[in-house]
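Residue strings, one per chain:
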2 protein chains.
Amino acid sequence: MRIVVAGGDGFCGWPTALHLSNQGHEVTIVDNLSRRKWDEELHSNSVTPIASLEERVGKWKELTGKEIKTYIGDLNHYDFLREVFRQTEPEAFVHFAEQRSAPYSMIDREHAVFTQQNNVLGNLNVLYAIKEFAPECHLIKLGTMGEYGTPNIDIEEGYIEIEHKGRKDVMPYPKQPGSFYHLSKVHDSHNIMFACKIWGIRATDLNQGIVYGLHTNETKMDPMLVNRVDYDGVFGTALNRFLIQAATGHDLTVYGSGNQTRAFLNIEDTVRCVEIAAENPADKGEFRVFNQFTEYFSVQELAEKVQKVAKEEGLNTEVSHLDNPRIEAEEHYYHAVNTKLRDLGLEPHLLTDDVLHDILQTVIEHKDRVIKENILPSIKWK
Amino acid sequence: MRIVVAGGDGFCGWPTALHLSNQGHEVTIVDNLSRRKWDEELHSNSVTPIASLEERVGKWKELTGKEIKTYIGDLNHYDFLREVFRQTEPEAFVHFAEQRSAPYSMIDREHAVFTQQNNVLGNLNVLYAIKEFAPECHLIKLGTMGEYGTPNIDIEEGYIEIEHKGRKDVMPYPKQPGSFYHLSKVHDSHNIMFACKIWGIRATDLNQGIVYGLHTNETKMDPMLVNRVDYDGVFGTALNRFLIQAATGHDLTVYGSGNQTRAFLNIEDTVRCVEIAAENPADKGEFRVFNQFTEYFSVQELAEKVQKVAKEEGLNTEVSHLDNPRIEAEEHYYHAVNTKLRDLGLEPHLLTDDVLHDILQTVIEHKDRVIKENILPSIKWK
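Keep in mind the model is a prediction, meaning the values are calculated, not measured.

1. With respect to the sheet that holds strand 11 (residues 261-266) of chain A
All names here are of chain A.
Point 1. Judged by pairing direction, the sheet is mixed, and its three strands sit side by side in the order 9-11-13 without closing on themselves. With one partner strand each, in any of the chains shown, strand 9 (210-212) and strand 13 (295-298) form the two edges of the open sheet. Neighbour to neighbour, the strand axes of the sheet diverge by 45 degrees on average, direction disregarded.
Point 2. Along the sheet, helix 8 (residues 238-247) contacts strand 9 and strand 11; its crossing angle with strand 9, the most-contacted strand, is approximately 40 degrees.

2. What about helix 1 (residues 13-22) of chain A?
Residue and element names in this part refer to chain A.
Point 1. Summarising burial for helix 1: nine of the ten residues are buried, a large majority.
Point 2. Among all positions in helix 1, only Gly13, Trp14, Pro15, Thr16, Ala17, Leu18, His19, Leu20 and Ser21 are buried.
Point 3. Of the surrounding elements, those touching the buried residues of helix 1 are strand 1 (2-6), strand 2 (26-31), helix 3 (53-64), strand 4 (92-95) and helix 9 (267-279).
Point 4. Directly beyond the C-terminal end of helix 1, a positive phi value near 100 degrees is found at Gly24.

3. Quick notes on the nonpolar core
Point 1. If you look at the biggest cluster of nonpolar residues, it comprises 116 residues, and the most contacted ones within it are Phe93(A), Phe180(A), Phe93(B) and Phe180(B).
Point 2. Ignoring anything within four residues of it in the chain, the contact list for Phe93(B) reads Val4(B), Ala6(B), Leu75(B), Leu81(B), Phe85(B), Val126(B), Cys137(B), His138(B), Leu139(B) and Ile140(B).

4. Comments concerning helix 6 (residues 109-133) of chain B
Point 1. Taking 1.5 Å per residue, 25 residues should reach 36 Å; helix 6 of chain B reaches 35 Å between its end C-alpha atoms and fits that length.
Point 2. In terms of burial, helix 6 of chain B is a largely internal element, 19 of the 25 residues being buried.

5. Things to note about the pairing of strand 2 of chain A
Residues and elements named next belong to chain A.
Point 1. Counting buried residues in strand 2 gives five out of six residues, a clear majority hidden from the surface.
Point 2. As judged from the five bridges shared by strand 1 and strand 2, these two strands associate in the parallel manner. Paired with Val5 across the strands is Ile29, a residue of strand 2.
Point 3. The parallel pair strand 1 and strand 2, bridged by helix 1, forms a crossover whose chirality is right-handed.
Point 4. Taken together, the four bridges between strand 2 and strand 3 (residues 69-72) define a ladder with parallel strand orientation. In the sheet register, Thr28 faces strand 3, and the bridge partner there is Lys69.

6. Looking at the state of the cysteines
All names here are of chain A.
Point 1. Applying the stated criterion to the full structure yields zero disulfides over all chains.
Point 2. Sulfur of Cys137: no disulfide; nearest cysteine sulfur belongs to Cys196 and is 12 Å away.
Point 3. Assessed through its relative accessible area of 1%, Cys137 is described here as buried.

7. A look at the pattern of salt bridges
Point 1. One pass over the full model with this rule turns up 50 salt bridges over all chains.
Point 2. Note that Asp188(A) is salt-bridged to Lys141(A), the shortest N-O span being 2.9 Å. In this pair, Asp188(A) sits in helix 7 (residues 180-199) while Lys141(A) sits in strand 5 (residues 138-144), placing the two residues 47 residues apart along the sequence.
Point 3. A residue is classified by how much of its surface remains accessible, and Lys141(A), at 1% relative accessible area, is buried.
Point 4. Glu156(A) serves as the salt-bridge partner of Lys165(B), at 2.7 Å between the closest nitrogen and oxygen.

8. Points about the environment of Gln245(A)
All names here are of chain A.
Point 1. Within the fold, Gln245 resides in helix 8.
Point 2. When the C-alpha positions of Gln245 and Leu376 are compared, they lie 9.9 Å apart, and in sequence the two are 131 residues distant.
Point 3. Once residues lying within four places of it in the same chain are set aside, the contact partners of Gln245 are His250, Asp251, Leu252, Thr253 and Ile375.

9. Notes on the packing of aromatic side chains
Point 1. The tally for this structure, following the rule as stated, stands at 28 aromatic pairs over all chains.
Point 2. Seen in terms of ring centroids, Tyr296(B) and Tyr334(B) are 5.2 Å apart; in terms of plane orientation they differ by 85 degrees. Their pairing is edge-to-face. Of the two residues, Tyr296(B) sits in strand 13 (residues 295-298) while Tyr334(B) sits in the loop between strand 14 (319-322) and helix 11 (339-343), which places them 38 residues apart along the sequence.
Point 3. For Tyr296(B), a relative accessible area of 26% corresponds to the partly exposed category.
Point 4. Taking relative accessible area as the criterion, Tyr334(B) reaches 11% and is therefore assigned buried.
Point 5. Joined through ring pairs, the aromatic side chains of Trp38(A), Tyr104(A), Phe114(A) and Phe235(A) make up one cluster.
Point 6. Lying over the aromatic face of Tyr333(B), Arg167(A) brings its terminal NZ or CZ to 3.5 Å of the ring centre.

About the cut-offs
Residues numbered from 1 in each chain as written. Chains lettered and ligands numbered in written order. Predicted model: local features only at pLDDT ≥ 70, side-chain atom pairs only at ≥ 80, totals over all residues. Heavy atoms only, no water. Pairing = 2+ DSSP bridges. Helix = DSSP H or I, 4+ residues; strand = E, 2+ residues; numbered from the N terminus. Axes fitted to C-alpha atoms, helices over the stretch in contact; angles between N-to-C directions. Contact = heavy atoms within 4.5 Å. Buried < 20%, exposed > 50% of the residue type's maximum accessible area, 1.4 Å probe, protein only. Core = buried A, V, L, I, M, F, W, Y, C linked by side-chain atoms within 4.5 Å. Expected span 1.5 Å × (residues − 1). Right-handed = clockwise from strand over helix to strand, strands pointing away. Disulfide = S-S within 2.5 Å. Salt bridge = Lys/Arg side-chain N within 4 Å of Asp/Glu carboxyl O. Phe/Tyr/Trp six-rings, centres within 6.5 Å; stacked < 30°, edge-to-face > 60°. Lys NZ or Arg CZ within 6 Å of the ring centre and 35° of its normal.

Shown next as C-alpha cells:
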C-alpha cells in the first residue's frame, strides 16, 4: 500500500514509518523537522542521540533494501502538500504531523495560537488535499485520549448512545480536553467528522494514550535508527520521564496527588495499531474512532513501578509530589473502552517489570546526555 | 457599564451597540470593517444603503449626545487588541467579530482556512486579552444554534446530563455542526470553556438562531443609522432572503424539501438578549450557554408565510425548490430548549404577519438596489 507518514521524523512517526516499510508498504515520510527545532527553542534534546532524517532513511535502505522517500515541508503550505499528494498518490495518509505537547501549547499566547493554527489548519489542508487529489485515500489521524478528559461515566470509542427525555440518538462523545493542544485535537476531530460526512472521506481517528518505550523491532536494527526519547518538562511524557529521572538520580516528580489516571501504551503497540488501521480502512464517508491504549494507571502507580524497577537496577530514587502545574481533576473516575483495535488483532504489550528494565537500561546508557535543568515543569496552566 | 462590541459595524453588532449605548452603557465598537470588504469581494451589497461607521456614530452622537468610540482593527492583531483592552478597560466584551456565513466558509479551501483562522485564533486572542488585561471582564460570545446540528433528542442549553452504564455526569452537549463556519464556533466554545476553567474567566456563549428583521428602536431613529440587510446566496439568511426575493419578483428558493427546521429570532431580540447577558454576568469561571432564539420553523413554513404576506402586498410569488447545495438532513427531529434568557426577562417578538409586512415594506422601498444574480446559491458543500 502507498502510505504517507506525516510527522515521520518524530517519536511515534519514525518507528511507524519503519514498521510499515518493513511490512512491505511503500512509505513516504513528510516532515518539516519542527520537532528538532522545538528542541533548539527549548534548549532540550533526546536522551538517545538521533541521526538526521537523511541518515536514518539511508541506513534503512542499506540494511533492508527498502526505500523510504522523504519530503521536507509543512502541511500548512498547500502548494507543498499538493505536490506530495500528486507525486505519491497515497492510499493511506497517517497524520502524526502536529505539535503534540500540552505544556508547549500552554507556554503563552503565541504558543497556544501557534499550536491551534499549526494543527487545525494543517489538518484542514490534509482534508482538502484528500478531497481534491486522492478521494479514496484513508486518513489515519492521531488524536488523543486526552480529548475526552475525565468524565464521571465510561469513555466510549468516539460515540455514545444518549437517551434523553424518552428519545435516543448516537452522538459524538462529549469532549473535555485539558490544554490548548488537546483542544486542537478536538477541533480536528470535529473537522474530520464533517469532511467525512460531506465529501465521503474515509477516516480513522486514533485517540491515543500516553506512549512509553522507545525501541521497536525496526529501530533496534541499528543505532542510527534509534528513536528519540524525551524527558523534559515540556515534551517528556510521564513514564519515560520517570525512567530518566530514576537513571539520573532525580526524584520521580509526580504532579499533585498523583491520583490522575491516564491511558498508556507501548510504542510497539502504536506502530501495530497504525498498521491495523491501514490494513482495515474505514468505509467511504465513515469517521471511525479507535481508543488506542492498552492499560491505564494512576501517575502515582507508575512512579512506584519505576521506583521498584530502579531499585532492582541499584538506583535509589524517591517519589516526590510537586504542586500540580496543570489545572486538572486529581481525584476522578476513569474507565475507558478500547476493544475495537483488539477486535482487529492488536495483541497488547503490557507494562511488565521486564519492559521497564529494558527501557531503563537504554536510558542509563545515555544518561550523560540529560540536561538536568530541563526536567522540572516550568510551564503553568494558571 | 463599559462594553466593547467587537464586530459592531455588522448586522447584529451595529444595532446591539446602539441599543447598549441607548441604555446608558459606555460603548466602544471594535471592527476591521471586513463585512464591507466581503461585499466587495462578492460584488454584493446590503439592500438598505448603509452609512460608513464614522457617519453612523457621528449621527448617533448628534441625535442622542451619546458617544460610541470606535477602534478599527483586527482581533488577530494582538498588539491592537491589547491597546483596545488597555484603553477601554471593558467590563463586558461582546464578541460578534467573526466571519459568520456558512456558504462563505464553504467557497473553497482558502475560505475554510480563513474562516477558522480568523474566528478561532481571533477568539483565542480575546481570551488571552481578558486574562491578561481585564480578568473580571465578562465575555459575551456569539455562538450559533447550528453548533448542535439536528440530533434526534432535545437540544439543551450547552450541557446535558448523561446516564450511561449505571453512572451519571453533566457533560457538554455534543456538537454536530454543518459547515466550516459552524465548526469554527464549536471550536470557540471548546476553547472558551477551557479558559473559564483554568483562568476563571466569566463567559456567556449565546447560541443564536437565524436572525431576521432589520430595524430596532435605535436604527429607526434616522436613515443614517439603518441596519444592513443581506439577501445574497452567501450572506443572506433564510427569512430575510425570502422577503427580498418576494419584493423583487423572484421565486422563494427553498433548498431541498424545505423540511429542515431551524431556530429563529428577531434582531430586536438579539439586542435585548445581549443586554440581558451583560446585565446578568456569568460567575467567575462559569461557562454559561444560552440558546438565543424565540421560535422555530421549517424553511418551507417560512417561505409560505412570506408568500402569504407578499400576496397581501400585491406581490405574487412562487415557492420553488432547488437542489440543496448543502449536505444536511432534510427530514429530522427538532426540539430545542430556550428558557434561560426568558427566565432573565426576555419578552420575545414573535414572527407575526405584521412583522413580515413591516420588513417587506422596507425592502420594497430599496428593491432597486438588489443585484439579482447574487440571489441564487452558488456555493455547494460537495
